[in-house]
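Analysis of the macromolecular model
Here is how the chains run, residue by residue.
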Amino acid sequence: MDTIIIDGLSFALPLFIMAIGGIYSEKSGITNLALEGFQGFGAFIGAMSAVLIANASGAAVENMFYVALIFAMIGGMGFSVIHAVLSIKFKANQVISGVVINILALALTTFLTTQINALVFGAASDKFRLGVSERFTIDGLANIPVIGAVFTDVYPFEVIIIVIAIFAWYVLYKTKFGLRLRASGENPQSVDAAGVNVYKIRFSAVLISGMLSGLAGMCFAYSISAQFSSGIYMGYGFLAIAALIFGNWRILPTLAACLLFGFAKSGGMYIAQAMALPSSFTDLFMILPYVLTLLLLIFFSKTNRAPRALGEIYDKGKR
Amino acid sequence: MSKDNKKTSLRYRLLWPIRNEKWQPITIPVASILFSFIVAAIVILLLGKNPIQAFYNLFQGAGIFPKATYAGYKSMLTDFLSLLDAMTPLVFASLAVAVALRAGLFNIGVSGQMLFSGFIATIIVGYSGLDAFVAKPLVLLIGMIAGGLMGGLVGWLKYKFNIHEVVTTIMLNYIAQYVISFFIHNYYIDPVSRQSKYITEAARLTLVNFEFANLKMDIPLGFILAIAVAIFVKFLLDKTVVGFEIKAVGSNRDAAKYTGIKVGSNMILAMIISGGLAGLAGVTYYLGDFASIQPKVLTSLGFDSIAVALLGNSHPIGIIFSSFLISIIDQGSTYMSSQAGIRQEIASVIIGLILLFSACGAYVKHKVSRLKEKEVDRKDSES
């Protein structure tokens, strides 16, 4: 039972922070299918920095977690500039731009990983080994039945994500910037009429999504995969998009969707193990989160509505 | 002022190849392809290799130019046929994406639909021992129906329950991947290759090691069908009522509704067609070149096809050319990496760059027309 909560949370929270980035971008009116590419590229920059710094300083790469996290956020943000420039400045189709960025991220990071491994370490390897970041348990709270699992074996990044998520919620719903951002996705002309630069708002929203995706990618790399390789492109970026659409482009329902994914995923694994079925049967339980999502959507998506100006190129002269 | 004018006119002159609006759908992709090869050349130079040599190797590997030596029973023709073999599913998959895009839907689940149809065709026909003349058409038919059903489900869920097609297709991708992996592991596994058992030669859509003129070649039977289907899709979209309605729904859903077009059934129909095309991609992929399915792996081809469709302007004939180019880069990369000593991954970087530059196409178009206006103004003021 405890493992369901522990594993579920450590999967759901990175997904959630990535989905928040997606919400920022889509609420400002920019369709963002590039989350997958952002998280991969961010994780690549983070992992590369961690490995290189560890190599130069002689420290263990497992301890480079926070350094990697910061570099991953910068990397994801830097990469998201491409999406912002293409879809805002160059007025490219946002879906095209997103898909292109995913393909470019996969190609560039695999190419650069092998190049850097060959140049710096002289090894023909297509991955950066990272290990798993250390975990901690809060002693008193962990003894509470059931809920105690939330405080057991916590990855440090889970705390960081929760803090950032609360901040992101505050900014989006309680500040002037957040209001303008949400208005840019509904009625950009009115934002412009109020004397605010729609392009700047959208640009910063895309950069925020890149930064948060980079963070999420690094968390995946330091937990479930314990390395950076092309295996980081598991489709979690698309899963985050699914979660935010499921959550109707709002932060709290999206959290619920991410938790559902996380717990259904770890729950499925747990059931398969508990029933002591042969390993080939685990595949059947792995579909649990996806089937549940589809079933729930049948009941809940009638009222779902995307931001009105989503995917539309902002044209100042349009009425 | 005059200096500024000169600058404009120089830029204007530099842009001459892509100035003609009529040719822009062709010239802009070609320009972006050239541009990405130039960038790739710079990267290869930085790695200390000869880019011209590398690109030549790329085309040699794909069977466009002759290699220096060939192994027994191989020639440029066999390489070229392998290229067409690899290109076939890509054409179908890109057409699938394009049809959905025309209806304003984003079919991100081509990979899942391919896997599903490939699997169904494999278990029904692949191990049946049917005669080739029955088995091969049956494979195509089953692939089309299986893919069409899965695509139709996506369209129906969108119409009936307002579930976003991106979510549905992503979920179905995962579900197909795991469920099929379960069945392969339990019933159809080959213990040595850890993949599904090889299907019979009769059911395969690629004639393997066909001996002709002292050569052993792989003949992709699906290729001719792919070209025919591309032309058919063009006809369907441009010349029929169905195509017109699908495009109307895609360009403005509300306007289509007001003119009395049934939006829901057209969306479902578009997804059925899209899924059916993805199904054809699936059978030509899994029952063509490979003859077996690797469990728990979704082919990246389904995602690449989105980009290929966009590079071809979602136009069926454009798609034939764009898949041809992307397949050349893909197929030639192995030979290039062995000959020129450049890592194979540079090929996907080149593909990524081509797509990146072609995504800027709309902007270039816009800039060129602005420059044109300026040029007209300048001429007016001079005279």
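Every chain's residues receive numbers from 1 upward, in the order its sequence appears when written. Chain letters and ligand numbers both follow the written order, the letters beginning at A and the numbers at 1. Only residues with pLDDT of at least 70 are given local features in this predicted model, and only at 80 or more are side-chain atom pairs given and counted; all residues enter the totals for whole chains, interfaces and linings. Derived side-chain values reflect all non-hydrogen atoms in the structure, with water molecules and hydrogen atoms excluded from consideration.

On to the packing of helix α10 (residues 236-246) of chain A against helix α11 (residues 251-274) of chain A. Residue and element names in this part refer to chain A. Only the contacting stretch of a helix is used when fitting its axis, a line to C-alpha atoms as for every element, and angles between N-to-C directions run 0 to 180 degrees. Counting from the N terminus, the helices are the DSSP runs of H or I reaching at least four residues and the strands are the DSSP runs of E reaching at least two. Where α10 contacts α11, the two axes come as close as 7 Å, and the packing angle between them is 130°. Judged by the inter-axis angle, α10 sits oblique to α11. In this structure, α10 meets α11 at a crossing whose hand is right-handed. In this structure, α10 contributes Y236, L239, A243, L244 and F246 to the contact, and α11 contributes T254, A257, C258, L260, F261 and K265. Should an angle fall under 35 degrees it is called roughly parallel, over 145 degrees roughly antiparallel, and 65 to 115 degrees roughly perpendicular, with every other angle called oblique. A clockwise turn of the near helix away from the far one marks a right-handed crossing, whereas an anticlockwise turn of less than a right angle marks a left-handed crossing. Whether two residues are in contact is decided by their heavy atoms, any of which lying within 4.5 Å being enough.

We now examine the packing of helix α6 (residues 132-161) of chain B against helix α7 (residues 165-188) of chain B. Residues and elements named next belong to chain B. The interhelical angle for the contact between α6 and α7, taken along N-to-C directions, is 140°, at an axis separation of 9 Å. The angle between α6 and α7 places the two elements in the oblique class. As α6 runs across α7, the sense of the crossing is right-handed. Of α7, the residues touching α6 (which contributes M150, L153, V154, L157 and K158) are E165, T168, T169, L172 and A176.

Residue W249(A) is not a glycine yet carries a positive backbone phi of 60°. By secondary structure assignment, the location of W249(A) is in the loop between α10 and α11. When its relative accessible area of 3% is taken as the criterion, W249(A) is described as buried. Positive phi, close to 60°, is recorded for N162(B), a residue that is not glycine. Inspection of the secondary structure assignment puts N162(B) in the loop between α6 and α7. Burial classes: relative accessible area under 20% of the type maximum marks a residue as buried, over 50% as exposed, and values in between as partly exposed (1.4 Å probe, protein chains only). Judged by its relative accessible area of 33%, N162(B) falls in the partly exposed class.

Bringing the environment of R204(B) into the picture now. When you line up the elements, R204(B) lands in the loop between β2 (195-196) and β3 (206-212). Here R204(B) falls in the buried class, since its relative accessible area comes to 10%.

Attention now goes to the domain arrangement of chain B. Many descriptions give the size of an interface as the accessible area lost when the pieces come together. All names here are of chain B. Either an automatic procedure or a domain database provided the assignment from which the domain bounds are taken. When the domains of chain B are assigned, the result is domain 1 (1-49 + 342-383) and domain 2 (71-326). Taken together, the seven residues of domain 1 in the interface contact five residues of domain 2. Accessible area, probed at 1.4 Å, shrinks when two parts are joined; the buried area is that loss added up over both. It is I351, I354 and L355 in domain 1 that bury the most area against domain 2; as a group they hold 57% of the surface buried on that side. By salt bridge we mean one thing: a side-chain nitrogen of Lys or Arg within 4 Å of a carboxyl oxygen of Asp or Glu. Put simply, domain 1 and domain 2 have zero salt bridges between them. N or O atoms closer than or at 3.5 Å make up a polar contact, with two conditions inside protein: a donor-capable atom paired with an acceptor-capable one, and, for residues adjacent in sequence, both atoms drawn from side chains. Joining domain 1 to domain 2, the criterion identifies zero residue pairs in polar contact (both at pLDDT 80 or more). Sorting the residues of the side of domain 1 that touches domain 2 by element identifies α2 (24-46) and α14 (346-359) as the ones contributing at least two each. Here the side of domain 1 that touches domain 2 gets four residues from one element, more than from any other, and that element is α14.

A word on the environment of F357(B). All names here are of chain B. Along the polypeptide, F357 turns up in helix α14. Here the alpha-carbon distance between F357 and S82, two residues 275 residues apart in the chain, equals 28 Å. Once residues within four sequence positions are removed from consideration, F357 is found in contact with S32, F35, S36 and V39.

Attention now goes to the side chain of S292(B). Residue and element names in this part refer to chain B. Within the fold, S292 resides in the loop between α11 (263-290) and α12 (301-311). Its relative accessible area of 4% is what places S292 among the buried residues. Residues contacting S292, with those up to four places away along its chain left out, are Q195, S196, K197, Y198 and Y286.

Before going further, it helps to examine helix α3 (residues 51-61) of chain B. Residue and element names in this part refer to chain B. Those residues of α3 that sit buried are P51, A54, F55, N57, L58, Q60 and G61. Buried-residue contacts for α3 involve α2, α4 (76-102), α13 (316-340) and α14. Measuring from the side-chain oxygen of the N-cap residue of α3 to the backbone nitrogen of I52 gives 3.1 Å; that N-cap residue is N50. Just beyond α3, the residue with positive phi is G63, at close to 85°.

Residue and element names in this part refer to chain B. Between any two strands, pairing holds if DSSP finds at least two bridges. By the bridge criterion, five bridges tie β3 to strand β4 (residues 215-220) in an arrangement that is antiparallel. Bridged to L207 within β4 is I219. Between β3 and β4, which pair antiparallel in sequence order, lie two residues; one of them, A213, sits at a positive phi of approximately 50°.

On the chain A side, the residues contacting the 43 residues of chain B number 43 residues. Counting each side, the surface lost to burial between chain B and chain A is near 4,000 Å², with a carbon and sulfur contribution of 79%. Together, M171(B), Y174(B) and Y178(B) form the three largest contributors to the area buried by chain B at its contact with chain A, with a combined 16%. At the junction of chain B with chain A, the criterion picks out two residue pairs in polar contact (both at pLDDT 80 or more). For the side of chain B that touches chain A, the element with the highest residue contribution is α7(B), accounting for 14 residues.

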